[in-house]
Every structure is written in structure tokens, then in C-alpha cells.
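Descriptive analysis of the structure
Read off the chains here:
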Amino acid sequence: MIECVNRVFDQPELRARMPGFETHATFHESLWGRVELLPLIQPVATEEATPPTASTLRDPLTRPRELALDERYYLEGRQAAERIQTLIASGCRLGEGDAARPARYGDILILLRSRTHAADYERALRDAGIPCLGTSRGALLDSLEARDLEALLQTLIAPHDNLALAQVLRSPLFAADDHDLIRLAERKQGDWMARLAALAEDPTTPATLRRAADCLPRWRERVGRLPVHDLLDRVFFEGDVLDRYAAATPEALRPQVLANLQRFLELALEIDSGRYPSLPRFLQQLTRLRERSDEAPDDAPPAAGDRVRLLTIHGAKGLEAPVVFLLDAAAAGRDRSAWQALVDWPASEPHPAYFLLNPGQARRDSVSRDWQAAQQQAEAREDANLLYVALTRARQLLIVSGSAPARGSGTGWYGLIRNGLASGGDPSDPLPVLESGSPPAAPATAPATARPEAPAPDPRLARPLELALPRDRLAPSRRNEVVADSGHFDADGRLRGQAVHLLLEWLSEPAAVTEDVALRRLAAWAGRDATEADLQAWLAEAREVLDQPELAGLFDPSRYEQAWKEVPLQYLDGTVLVEGIVDRLVRYPDRLCLIDYKSHRLGTRAGRAACGFLPGPDALLCRRRTAPVAAAAGRMRYPLHPFARAGDAGPRLMLRILRIPQVGSARRA
């Protein structure tokens, strides 16, 4: 490395820029090192466009305009990526003596003169599967994962936005495929959100769409009740956002994607200090930040790991790395002196020595030309200092590459480095190499011992995998909403039902909480005030159920052996796998009781269907679905046990109780 610096800066051109440069020496004379050049990427010749005629005019409605893309810097990045993969695959050893070890991605630093073409280099590294830490600024909101979260929030406030919903469904959050979206598009009733809700009732609907139909309405209920950060926090937890994106992202990009997701969550607290919980306002602020590039939030720095780092040379001052790639080294400086301010203000003086708005070349006088020459000399000296910083960041291996300019023949730093390396060898060599010392040898490995023969695989593993069974879900509450009378349907039934379920769980635990504690918990869960009449009424309903003497055997711990809440249930109904959740399961010495809470109003068709009193397909479906459970246990008894007055149309809680005698394996199950 030091020999390379001496050769490059010993050239007359750089001697003139840095007259005070002194020849360097090193303490690590025996350490292996190497400097090499990669071939210049040449611009691709493009055919000159022929003037259009009447027969060759482009129809802008059917044929897009063809634009020539400058792929030089992407190709340069791919060339560097191939060299990196060769270094890693060949086990290039870094260090000295016994401390030498194979090179890792974290040993590699890529230096750029500016961020102008950083996106092309990062894209090339990503396409090659190389983990990297980029230099992009203000790119958080343009990342795909941030766009997905923004589309999700847009869907929650505007469920008729079909395009946003399609993006959410295709994201790793739900991982729907094209066939799922086609299935939604083929339905003709309502917007996509309404179609999604309708498809959720179909047993043949894929699990991805059923999960979306379950999560999105639940999250939408929280809009306006929770601040944006709390809403996103609930989405992250209930939707397993981090785990799902981690599973769907290539390993090289995973740290950056997960860091961006966490950064988006933090952004909800930073915008307006998190004081405005309005979701539309938050989305409006995101749009404003995206439009103002100087205020746009940066990508989140991922956790430390084995990744290639991309830095500008200015940002790398004070840093070192065993392997350094200097890219875009052939960029030539441009004369931008016209109409620029020329300022000479010594740090020790209270005012500048001169201040001049530099005119064009034709309008300069001798004074402005002298000042301009002094300014150019200072810029040339700063350019040489920057080259010195770039060359001295490498500890053992320096690799230089560049893209030939589209116009002109200048090669900038690339040409200076090539001439410096060729000064001690063959001047005609287009890619001279400077190497000192010998690469450290790999440690001797012990002879491999013979491994015992692997056992033959079980022949059953060669059988074709059986396809997943069709699935159906026990969700009578939602099914009953379909048959509910629109004039009597309780609009708040779902929230009320969930609240009463929770209260029954909390108040019936062996170490039951007090009513005040249960009410505060419920208020925190619902995002409402504990003094609201609805919450007080729901608590009274739950307490009324628990106080019923005929139901004491279901909730009094002294009268049963054990009880469980929210018990998953799964069984085969012919060739269909049926699954659901039992609200409460109570075990007695001689039987099991499966209890399902129903909070429908009794005066409605939905209420009668929930009790099993409604004749027709729904009642038959309830009996057909529960029959396999009873058959496995021996027998079951109807009617069910509803707690309500038959003629009461007000809100009362009903319990569907299924008593199953414990016989044989049913008790063990």
C-alpha cells in the first residue's frame, strides 16, 4: 500500500499539486499486500435515431418511448461484485502468520467519490447476493417495506382503495399470490374489501385471504381510537410483521429490511412528537417528507454484521479496512467555475480577502482570472488530498475500477494510479499489478477420517406428499351475522361480544380479579374510558352470568377438576379439516363440558341461530360439525343451555354447553 502511494504521488502532476509530499515508509515490511486494477467499463455505443416518418411515428398510447439507459456504473458494480465473490470463495487469507484468516464480507470497504452512482453499485451488489450497508440518504420512505406499511395504513382509512389493498395482500404480511388476487378480481360485488369479507366465509378460500379478512377489520376498528404508533405496534405484534418479512427477504438484505421496519415504527413517534393520533395526518406528513428530499428520513442502519460497507471517501476519513475497492475512479473533474462565488476568507481574519461572483470566461478580467487560477489550484490540491485518503484506507488489498467517460478521453484517478503502478514495471501493461510479500499459507489440515456410511433413508420418505386437506373454520358468530335481520342486528355486537368474553375469563379465574381491576383492563383493551356506560353495562352482563346459581358448576373452581379458556379444536369431518376455538372447557370426574359464549340478541334470527333454535341449514350445520366430537367421546345431549328469557330482545349472554361423557381415550385427549 505504501509503495503504491509513493509511486502515485511521485508523478510530476501530483508533485505540482502537493509539493510538500514526502516519501513514506512502513513498519509492516513483510505483510503481504496487493494493488490491482480492474478493466475500465466502456460506454455502450448507441445507434443514432433516424428521423421519424409518417409510417414510423410512435403511438404514445400503445408504445412506450425507448430511452437509452446508462448501465456503465451498474456493470462496474457487477464487476466489483464478481471480484468480491472470488475473494470470499477462494479463501483469500488476511493478516500475518498464525493470525491470518479467510476474508469475510465485513473486511471489505467500497469507497466512492460521491453518491451520484451509489444506487447502481448497491443494486449490483444486491443482485449478486452480497450483503452490504449502503450510503443512500433519505431513502427510508422509498423502500419497499415502508411502502407496504404505508399502503396498509391507507387501506385502514380507505377500504375502497383496491390498489392499496392489493399491495398489502401481496406483501409478506399476508403473502397472497396472483391466483388469490385474480379470485378477488373475478367477483363482481362491491369493492375488494367487501369481496374479501365474502370470500372468508367460503371454506375453499386460501388461508392467506382468510387471515387478511380476519386481521384488517380488527385493525380498522382501532383507527381513531389509538395513536398511530400504538396502532402500528399492535399491527407488528398481531401480524408477526418482523418474522414474516425476515422469512420473505434474502439473507443479504434481511438486516436492512428489519431495521427499516423498526425505523418506520419509530417515525410515528417523531412526526409531530407523536401528539396527533390522526392517521390521515400521519400519511399526509409522510407524503410531505417524501417530496422534500432534504427532510426525508434515512434508511435505518442495520445491526452490526458481516456486510460490505459503502462509504464516500469523505465519510471514510479515519477508517481502515483490510480490503478496499475504489470505484468510479475514472470520473473526470468538470469546470463549474462560471457564475460561482470565489471567496478567500482566512480563518484568522474578520473578513474575506476577496469575494467575487465569477462571470463567464468571455467576461473575465485579469484580476478575476488570477483569482480563478488560485481557486482551481486549491481545488486540485484538495482533489489530491482526497486521492491520498482513498489510497491509504486499505491495509492489505486495494482494487481500483472505473467507468470510461462517455465524452473525452480523460481517466482521472484511474489513469494516475495506472501510470504510478506501471512506473516500476512494463509501461505497456494496461492492468499493472503491484504486490509485495507472499500470501499467508492455509494451515495444514488433519487427514479426513473415514465417515461411517449413512443409514439408508426410510422408504416412506419416497412417497408423494399428500396435499393439504380442505379447511373449514368454526365461526358461528360471523355466520350468524349473515342471516341476521338488518333491522334488529346489533351493530356493536362484535366488540361487545369480545369484551364480555374477556370479562368472563378475568372474573372466573381461580385467582379472580376485582371488578374495578377488570373494568380498568377492559378500558385499556378497548381504548375507551372506564366510566363509559357501555363498559359498565358489559361488566354487569358478565357478573349477572357468573351469579346464576344454575351456572355455578361451570365457573366455581370447587365444583370441577380443571378448566381451560380459548381451547383450540380441530377434527376431520369427512375429508374436510374443521378447526375453531372453544371459549371454555371444563373437566369433571365423569364428563367434559365445552362452553361457547354467544352475545346475540334473542329476539333476532341471529340470536335464535346462536342458540341452535333456528331451523334450517345453519342449525343443521352446527349439529353436523359437533357430531364428530361427540362420536369420538361416545354421545352428546341436546338441547343446549341458554341463559336468557325466551321473549327478551335485549342484550343477554347465552351459553352453548356441550356435555361429553369421558370414556376411553376421550379423557386422555
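Some remarks on unusual backbone geometry
Unusually for a residue other than glycine, Asp240 sits at a positive phi of about 50°. In this model, Glu566 sits at a positive phi of 50°, which is unusual for a non-glycine residue. Within the secondary structure layout, Glu566 lies in strand β13 (residues 562-573).

Digging into a nonpolar patch on the surface
Judged by side-chain polarity, Val343, Trp345 and Phe355 come together as a nonpolar surface patch covering roughly 340 Å² of accessible area. Position of Phe355 relative to the elements: it lies in strand β9 (residues 354-357). Judged by its relative accessible area of 59%, Phe355 is exposed.

As for the sheet that holds strand β11 (residues 434-436)
Here 7 strands make up an open sheet; going across it, the order is β5-β6-β4-β7-β10-β1-β11 and the pairing mixed. One side of each edge strand has no neighbouring strand; the edge strands of this open sheet are β5 (132-133) and β11. In terms of strand pairing, β5 meets strand β6 (residues 308-312) through 2 bridges, oriented parallel. Looking at the pairing, Cys132 lines up with Val308 of β6.

What to know about helix α7 (residues 178-186)
Among the residues making up α7, those that are buried are Asp180, Leu181 and Leu184. All buried residues of α7 fall inside an arc of 95° around its axis, so they share one side. Exposed positions of α7 whose direction lies more than 90 degrees from the buried face are His179 and Glu186. For α7, the elements touching its buried residues are α6 (162-170), α8 (192-199) and α9 (207-220). Two or three places before His179, at the opening of α7, Asp177 has a side-chain oxygen 3.2 Å from that residue's backbone nitrogen.

What to know about the pattern of salt bridges
Counted under the stated rule, the structure contains 28 salt bridges. When the shortest N-O distance is used, the salt bridge between Asp10 and Arg15 registers 3.2 Å. Judged by relative accessible area, Arg15 falls into the partly exposed class, the value being 28%. Ionic pairing is found between Arg183 and Asp202, a salt bridge with its closest N-O pair at 3.3 Å. With Arg183 in helix α7 and Asp202 in the loop between α8 and α9, the pair connects residues that are 19 residues apart, well separated along the chain. Residue classification places Arg183 among the partly exposed residues on the basis of a relative accessible area of 25%. Salt bridges here are not isolated pairs; linked through shared partners, they connect Glu13, Arg17, Arg113 and Asp383.

Quick word on the environment of Glu71
Note on placement: Glu71 falls in the loop between β1 (33-37) and α3 (72-89). Overall, the relative accessible area of 29% leaves Glu71 in the partly exposed class. Glu71 sits 28 residues away from Pro43 along the chain, and the two C-alpha atoms are 8.2 Å apart.

Focus on the environment of Ile581
Relative to the helices and strands, Ile581 resides in strand β14 (residues 576-587). When its relative accessible area of 43% is taken as the criterion, Ile581 is described as partly exposed. The sequence separation of Ile581 and Gln570 amounts to 11 residues, and the corresponding C-alpha distance is 8.6 Å. Other than its neighbours up to four places away in sequence, Ile581 contacts Glu566, Val567 and Pro568.

With respect to the nonpolar core
What tends to happen in soluble globular proteins is that the nonpolar side chains get buried as a cluster. Residues Leu153, Leu169, Phe174, Leu216, Trp219, Phe264 and Phe282 are the most contacted members of the largest nonpolar core, which totals 48 residues. Setting aside residues up to four positions removed in sequence, Leu153 forms contacts with Leu231, Leu232, Phe264, Leu279, Phe282 and Leu283. One finds Val35, Ile313, Leu387 and Leu398 within the second-largest nonpolar core, a separate group that totals 36 residues.

A few points about the packing of α9 against helix α10 (residues 228-238)
Between α9 and α10, whose axes approach to 11 Å, the crossing angle comes to 160°. Relative to α10, α9 is oriented roughly antiparallel. In the packing of α9 onto α10, the handedness of the crossing is right-handed. Of the residues in α10, those touching α9 at Arg211, Arg218 and Trp219 are Leu231, Arg234, Val235 and Glu238. Of the residues belonging to the contact of α9 with α10, the class tally is 3 nonpolar, no polar and 4 charged.

Let's talk about the confidence of the model for the protein chain
Model confidence for the protein chain is summarised by a mean pLDDT of 77, while 77% of its residues fall at 70 or above. Predicted confidence is poor over residues 612-653, with pLDDT under 50, and the contacts of this stretch with residues over four places away or in other chains come to 91 contacts. Contacts for the low-pLDDT stretch residues 663-669, under 50 throughout, to residues beyond four places or in other chains number 9 contacts.

Considerations on the pairing of strand β10 (residues 394-400)
Among the 7 residues in β10, 6 count as buried, and that is most of the element. Bridge count between β1 and β10: 4 bridges; the pairing is parallel. Within β10, the residue paired with Arg34 across the bridge is Leu397. Here strand β7 (residues 321-326) runs beside β10; their pairing, made up of 5 bridges, is parallel. Its bridge partner being in β10, Ala321 is matched across the sheet by Ala394.

The rules behind these values
- Residues numbered from 1 in each chain as written.
- Predicted model: local features only at pLDDT ≥ 70, side-chain atom pairs only at ≥ 80, totals over all residues.
- Heavy atoms only, no water.
- Helix = DSSP H or I, 4+ residues; strand = E, 2+ residues; numbered from the N terminus.
- Patch = residues over 30% accessible without salt bridge, like charges linked within 9 Å, V, L, I, M, F, W, Y side chains within 5 Å.
- Areas by Shrake-Rupley, 256 points an atom, 1.4 Å probe, with all protein chains shown as cover.
- Salt bridge = Lys/Arg side-chain N within 4 Å of Asp/Glu carboxyl O.
- Buried < 20%, exposed > 50% of the residue type's maximum accessible area, 1.4 Å probe, protein only.
- Pairing = 2+ DSSP bridges.
- Arc of directions from axis to C-beta.
- Contact = heavy atoms within 4.5 Å.
- Polar contact = N/O pair within 3.5 Å; in protein donor to acceptor, adjacent residues only side chain to side chain.
- Core = buried A, V, L, I, M, F, W, Y, C linked by side-chain atoms within 4.5 Å.
- Axes fitted to C-alpha atoms, helices over the stretch in contact; angles between N-to-C directions.
- Parallel < 35°, antiparallel > 145°, perpendicular 65-115°, else oblique.
- Left-handed = near helix turned anticlockwise from the far one by under 90°.
- Nonpolar A, V, L, I, M, F, W, Y, C, P; charged D, E, K, R; others polar.
- pLDDT = per-residue confidence, 0-100.

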